[in-house]
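Take a look at the letters that make up each chain.
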Amino acid sequence: MKSIEVRITTSSRHEADQIASTAVARRLAACAQVVAPISSTYWWAGEVQQAEEWLVLMKTTADRFEDLAACVRELHSYEVPEIVAVPIVQGTPDYLEWIRRETAPERGE
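Residues numbered from 1 in each chain as written. Predicted model: local features only at pLDDT ≥ 70, side-chain atom pairs only at ≥ 80, totals over all residues. Heavy atoms only, no water.

## Brief notes about the sheet that holds strand S2 (residues 31–44)
Okay, step 1: The sheet built from four strands is open, its strands ordered S2-S3-S1-S4 with antiparallel pairing. Two strands close off the open sheet at either side, each with one partner strand: S2 and strand S4 (83–87). For this sheet the average axis-to-axis angle between neighbouring strands, irrespective of direction, equals 30°.
Okay, step 2: Across five bridges, strand S1 (residues 3–10) lies against S4 in antiparallel orientation. Bridging from a neighbouring strand, Val6 pairs with Ala85 of S4.
Okay, step 3: Each of S1, S2 and strand S3 (47–61) touches helix H1 (residues 13–25); the most contacted strand, S2, lies at about 130° to it.
Okay, step 4: Here helix H3 (residues 93–102) sits on the sheet in contact with S1, S2 and S3, set at roughly 95° to S3. (Pairing = 2+ DSSP bridges. Helix = DSSP H or I, 4+ residues; strand = E, 2+ residues; numbered from the N terminus. Axes fitted to C-alpha atoms, helices over the stretch in contact; angles between N-to-C directions. Contact = heavy atoms within 4.5 Å.)

Below, the structure written as structure tokens:
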């Protein structure tokens, strides 16, 4: 089973912590780290914007991505939240197995 890291950004530490804890509690992510603050520059509403944001990194499996993305959308304040996944190309077998085990749907949601 392919492991991935899902990255999102939020406008506040509170929102980042809420999304991280909900995703882990629902077993959509095995773990989540909040990295903050970061400085973001992006296009929005036809102009370049700058904002302070919080980055959330969540480890999960590719099979859980859609459910995790739905959870993020449910809790996120942005109209178009950043929700991107990058593959975990390599990791220790025990860590990758831990991700798989902790995000297995049969563990309960």
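## As for the layout of surface pockets
Okay, step 1: Here the largest pocket defines a volume of roughly 190 Å³.
Okay, step 2: Lining the largest pocket, in full, are Tyr42, Trp43, Trp44, Gln49, Glu53, Tyr78, Glu79 and Val80.
Okay, step 3: Secondary structure elements with two or more residues in the lining of the largest pocket: S2 and S3.
Okay, step 4: Ranked by residue count, the leading element in the lining of the largest pocket is S2, at three residues. (1 Å grid on protein atoms, 1.4 Å probe; cavity = no way out; pocket = protein on both sides within 12 Å on 5 of 7 lines; lining within 4 Å. Points joined across faces, edges and corners; volume = space filled by probe spheres on them.)

## Some thoughts on unusual backbone geometry
Okay, step 1: Omega for the peptide link from Ala36 to Pro37 comes to -20°, which places this bond in the cis form.
Okay, step 2: Inspection of the secondary structure puts Pro37 in strand S2.
Okay, step 3: Positive phi is not limited to glycine here, since Ala45 has a value of about 55°.
Okay, step 4: One can find Ala45 in the loop between S2 and S3.
Okay, step 5: Owing to a relative accessible area of 67%, Ala45 belongs among the exposed residues under this scheme. (Buried < 20%, exposed > 50% of the residue type's maximum accessible area, 1.4 Å probe, protein only.)

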